[in-house]
Amino acid sequence: MISHFDVPAALVIGAGASREVVPQLRRIGARRALLVTDAFMESSGRAGGVVRELEQAGIAVALFAGVQPDPTDGNVRDGLLAFAGGKCDAVVALGGGSSIDAAKAIAMMTANDQPLSQYQGSHKVPRAGAPLLVIPTTAGTGSEVTKVAVITDTARNVKMMMLDRNLLPQVALIDYELSLSMPPSLTAHVGVDTLTHGVEAYVSRKASALTDTLALECVRLVAENLEAAWSEPSNRAAREGMMLAATLGGMAFSNSSVALVHGMSRPIGAVFHVPHGLSNAVLLPTVTRFSLSGAPGRYATVARAMRLCGPDASAEAAGALLVEGLERLNARLKVPRLRECHGIERAGFDAAVGKMAADALASGSPQNNPVVPGAEDIIRLYGEAW
Ligand code: NAD
């Protein structure tokens with residue numbers, strides 16, 4: 001079987017990597033950049049710092065700080081207007097997965113003229129857009145290295161997954177120092193998102209030898225560093241480990257796939273606005289228990305990588321210890337149950353669960369799962385995670 005492996009052309013990784021923004025933009029020939037970010041990055045002064053650096057180097061900047069968490073098609077439209085208004089020739093993203101995904105869609109839409117929803121799905125983007133440089137501040141979605149963007153279609157209330165190599169950034173500046181300011185809850189949620197990327201990329205039906213190596217190292221690094229990053233926010237070694245895990249997990253799932261956890265998680269985000277990392281975290285143990293029988297050997301390897309069992313444990317014992325370990329991790333990181341998430345109550349959940357199951361299946365992700373579910377299975381799993 002042939003596997004395609006796509007990553008950004010240049011990765012700059014380590015403390016201070018974000019200070020390479022000027023030389024890297026010069027290298028790709030940018031003279032007028034659109035900086036795509038969110039309100040927190042603007043109010044905290046970080047976006048202003050990047051603007052000053054670029055302007056001092058003679059690179060003009062238009063600022064678009066209107067990205068909302070779980071970005072929408074409206075955010076992309078507004079960003080495109082700012083790109084045109086500033087006569088820009090490149091896009092820079094600063095922030096978490098939301099800012100990076102919005103920037104990917106904005107850059108892509110500078111060269112593709114169909115409505116955004118036409119690009120939903122895999123390999124639907126005909127042309128690469130304006131060059132894109134990304135600076136992640138969470139660890140993380142891995143979006144800095146993926147060919148994926150997730151944008152909410154507000155008319156249909158669906159989180160659209162777009163996957164195409166024409167969405168890839170050209171440059172990623174991966175600087176763990178920017179993640180030191182993440183509060184514990186954000187650290188926990190995006191950290192379990194990273195873990196989910198590693199696990200799903202490894203058990204996916206689309207996994208390959210190359211993605212396996214990255215996925216297992218991602219899982220190992222999360223097991224080693226996430227709790228320390230959560231309990232000691234200024235622990236630099238733990239932050240560095242988590243940033244690397246996010247990058248490896250992103251490269252792994254972007255070239256393998258995600259699976260049922262992500263398929264079920266996106267509709268929770270679209271309907272109830274539960275943040276993406278949190279909705280993955282609440283589902284991971286339940287969906288893992290359901291999926292074990294489809295790939296017992298692979299789940300056992302994940303359990304070993306996380307040091308949840310010894311090398312001699314049977315696949316069955318290792319699988320059970322993995323589910324238990326994921327539940328314990330959620331409890332220690334104070335990840336709530338689905339029913340405890342802000343803005344979600346039982347009657348609304350019961351009313352939406354049929355649409356959520358249909359949207360999950362339509363996304364294609366559940367079909368990559370070791371056990372492929374039907375709609376009834378998904379409805380039951382939502383209930384079990386409640
Ligand atoms: P986010 O970008 O939505 O940010 C959440 C909040 O955290 C924002 O208010 C932001 O300003 C703040 N924040 C970001 N960095 C911070 C820092 N260092 N210190 C303090 N606050 C900080 O969060 P996210 O979890 O990184 O991104 C979620 C989005 O990414 C979702 O839309 C999800 O669908 C998407 N996603 C994309 C991919 C991909 O490959 N494209 C993968 C996974 C998730």
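Criteria and cut-off values
- Residues numbered from 1 in each chain as written.
- Predicted model: local features only at pLDDT ≥ 70, side-chain atom pairs only at ≥ 80, totals over all residues.
- Heavy atoms only, no water.
- Phe/Tyr/Trp six-rings, centres within 6.5 Å; stacked < 30°, edge-to-face > 60°.
- Helix = DSSP H or I, 4+ residues; strand = E, 2+ residues; numbered from the N terminus.
- Buried < 20%, exposed > 50% of the residue type's maximum accessible area, 1.4 Å probe, protein only.
- Lys NZ or Arg CZ within 6 Å of the ring centre and 35° of its normal.
- Pairing = 2+ DSSP bridges.
- Near = heavy atom within 4 Å.
- Areas by Shrake-Rupley, 256 points an atom, 1.4 Å probe, with all protein chains shown as cover.
- Nonpolar A, V, L, I, M, F, W, Y, C, P; charged D, E, K, R; others polar.
- Expected span 1.5 Å × (residues − 1).
- 1 Å grid on protein atoms, 1.4 Å probe; cavity = no way out; pocket = protein on both sides within 12 Å on 5 of 7 lines; lining within 4 Å.
- Points joined across faces, edges and corners; volume = space filled by probe spheres on them.
- Salt bridge = Lys/Arg side-chain N within 4 Å of Asp/Glu carboxyl O.
- Axes fitted to C-alpha atoms, helices over the stretch in contact; angles between N-to-C directions.
- Contact = heavy atoms within 4.5 Å.

### Considerations on the packing of aromatic side chains
Under the definition given, this model contains three aromatic pairs. A centroid spacing of 6.1 Å and a plane angle of 90° characterise the contact between phenylalanine 349 and tyrosine 382, whose relative ring orientation is edge-to-face. In this pair, phenylalanine 349 is assigned in helix H13 (residues 346–362) and tyrosine 382 in helix H14 (residues 375–385), connecting sequence segments 33 residues apart. Each member of the pair, phenylalanine 349 together with tyrosine 382, is buried. Considering the side-chain rings of phenylalanine 349 and tryptophan 386, the 4.7 Å spacing of their centres and the 35° angle between planes classify their relative orientation as tilted. With phenylalanine 349 in helix H13 and tryptophan 386 in the segment after H14, this pair connects stretches of sequence that are 37 residues apart. A connected cluster of aromatic rings, assembled from ring pairs, spans Phe272, Phe349, Tyr382 and Trp386. Residue placement shows arginine 298 over the ring face of tyrosine 202; its charged tip is 4.2 Å from the ring centre.

### Some thoughts on the pairing of strand S7 (residues 148–153)
Most of S7 is tucked away, with six of its six residues classed as buried. Neither face of S7 is open: one carries Val148, Val150 and Thr152, the other Ala149, Ile151 and Asp153, and all of them are buried. In this sheet, strand S8 (residues 158–163) lies alongside S7 in antiparallel orientation, the contact comprising six bridges. Residue pairing across strands places valine 148 opposite leucine 163, the latter belonging to S8. Remark: four residues form the turn of the hairpin made by S7 and S8, two consecutive strands paired antiparallel; asparagine 157 in that turn has positive phi of roughly 55°.

### Considering the pairing of strand S9 (residues 171–174)
Alternating residues of S9 divide into Val171 and Leu173 and Ala172 and Ile174, and every residue in both groups is buried. Taken together, the two bridges between strand S6 (residues 132–136) and S9 define a ladder with parallel strand orientation. Bridging from a neighbouring strand, valine 134 pairs with alanine 172 of S9.

### Looking at the site of the ligand
Near the ligand you find 31 residues, and of these Asp38, Ser98, Thr137, Thr138 and Thr146 are the closest. Within the complex, the protein chains bury 90% of what would otherwise be the 870 Å² of accessible surface of the ligand. Secondary structure elements with two or more residues in the shell around the ligand: helix H2 (39–43), helix H5 (97–109), S7 and helix H6 (184–203). Class assignment of the residues belonging to the shell around the ligand gives a composition of 13 nonpolar, eleven polar and seven charged.

### Examining the environment of leucine 54
If you trace the backbone, leucine 54 turns up in helix H3 (residues 46–56). For the pair leucine 54 and valine 22, spaced 32 residues apart in the sequence, the C-alpha separation amounts to 6.2 Å.

### Quick notes on H6
Between its first and last C-alpha, H6 extends 28 Å over 20 residues, near the 28 Å set by a 1.5 Å rise per residue. By the criterion of burial, H6 is predominantly enclosed, with 17 of the 20 residues buried.

### Some details on empty space enclosed by the protein
Scanning the entire structure with this criterion turns up three cavities of 30 Å³ or more. One number sums up the size of the largest cavity: a volume of about 40 Å³. Val199, Glu200, Val261, Leu284, Val287, Thr288, Ser291, Tyr299 and Asn369 are the residues that line the largest cavity. Going through the elements one at a time, H6 and helix H10 (276–291) are the ones with two or more residues in the lining of the largest cavity. Per element, the largest residue contribution to the lining of the largest cavity is four residues, and it comes from H10. Per-class residue counts for the lining of the largest cavity are five nonpolar, three polar and one charged.

### As for the pattern of salt bridges
One pass over the structure, following the stated rule, counts 15 salt bridges. In the salt-bridge network here, residues are joined through shared partners; they are Asp6, Lys147 and Arg165.

### Considerations on the sheet that holds strand S1 (residues 10–13)
Strand order in the open sheet formed by six strands is S1-S9-S6-S4-S2-S3, and the pairing between neighbours is parallel. Each edge of the sheet is formed by a strand with only one pairing partner; in this case those strands are S1 and strand S3 (60–67). Within this sheet the neighbouring strands show an average axis-to-axis angle of 15°, counted without direction. Alignment of strand S4 (residues 90–95) against S6, held across five bridges, turns out to be parallel. Bridging from a neighbouring strand, alanine 93 pairs with valine 134 of S6. Helix-sheet contacts for helix H4 (residues 73–85) involve strand S2 (32–38), S3 and S4, and the interaxial angle to S3 is about 165°.

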